[in-house]
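Here is what each chain is made of, one letter per residue.
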Amino acid sequence: MNIQIRPEHKNDISTISMINDMAFGQEDEGNLIVKLRKKKNFIKELSLVACFGNEIIGHILFSKITIKNDIEEFESLALAPMSVIPEFQGLGIGSELIKKGLQKATKLGYDSVIVLGHENYYPKFKFTPASLFQITCPFEVTDLNFMALELKKGSLDMVSGCVIYPK
Ligand SMILES: CC(C)(COP(=O)(O)OP(=O)(O)OC[C@H]1O[C@@H](n2cnc3c(N)ncnc32)[C@H](O)[C@@H]1OP(=O)(O)O)[C@@H](O)C(=O)NCCC(=O)NCCS
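Residues numbered from 1 in each chain as written. Predicted model: local features only at pLDDT ≥ 70, side-chain atom pairs only at ≥ 80, totals over all residues. Heavy atoms only, no water.

Asks: Help me out: how do you make sense of the site of the ligand in this one?
Replies: In the vicinity of the ligand there are 16 residues, among which V84, G90, G92, G94 and S95 approach most closely. M82 is positioned such that a nitrogen or oxygen atom in its backbone is 3.0 Å from a nitrogen atom of the ligand. Between the ligand and Y121, the relevant distance is 3.2 Å, taken from an oxygen atom to a side-chain nitrogen or oxygen of the residue. About the coverage of the ligand: the protein hides 62% of its 840 Å² of free accessible area. Where the shell around the ligand is concerned, the elements lending two or more residues are α1 (13-24), β4 (73-84) and α3 (93-107). (Near = heavy atom within 4 Å. Polar contact = N/O pair within 3.5 Å; in protein donor to acceptor, adjacent residues only side chain to side chain. Areas by Shrake-Rupley, 256 points an atom, 1.4 Å probe, with all protein chains shown as cover. Helix = DSSP H or I, 4+ residues; strand = E, 2+ residues; numbered from the N terminus.)

Asks: Mind showing me how you'd approach the packing of aromatic side chains here?
Replies: Counted according to the given criterion, the structure contains five aromatic pairs. Measuring from ring centre to ring centre gives 5.9 Å for F139 and Y165, while their planes differ by 25 degrees; the resulting arrangement is stacked. Taken together, the positions of F139 in the loop between β7 (135-136) and β8 (146-150) and Y165 in the segment after β9 (161-164) put the pair 26 residues apart, joining distant regions of the chain. Its relative accessible area of 40% is what places F139 among the partly exposed residues. (Phe/Tyr/Trp six-rings, centres within 6.5 Å; stacked < 30°, edge-to-face > 60°. Buried < 20%, exposed > 50% of the residue type's maximum accessible area, 1.4 Å probe, protein only.)

Here's what the structure looks like:
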């Protein structure tokens, strides 16, 4: 299957919302992306679409977040949301979006990624519980579902604090 992964274009915006609506069966995630796009946390190069021919069938977004303790703040990325339209799920497209996104984020100089997601899915990409890095979530979550990944080895060694998501 020939899938191309590329950053979003201006004219992909409504399709990206539609893909999210279809994947999640609700509009919350598509609306979240629309809101994030207006914020300084948004990184155009890390809003990636998966294309099959001319058709967009998947999307992933990484946006800037802060990890903050009483003394220091650290920049990181949140992976959320990601979506593949139902007919194309389970074919490895989500995995390709994650791998490509992590590569791009590394190239752009980011150090780490945080994800709130399924404990069986993200460990495949070397995410581990964020608690192992002294990183906490601002709301109650199951430890195994709140995960972190170092893009550079050791980059989270000196990081501790709570993740601050955009409002
Ligand atoms: C999660 C999602 C993006 C994965 O994309 P995909 O192209 O189906 O993923 P892949 O083909 O690379 O991987 C499929 C694996 O993911 C698992 N999977 C699919 N949806 C999942 C979900 N919501 N949570 C956890 N695991 C899921 C499958 O069981 C499969 O596992 P296996 O490899 O052990 O067999 C896609 O299924 C989707 O859009 N789901 C609905 C939206 C969603 O839940 N997004 C994630 C939260 S932001």
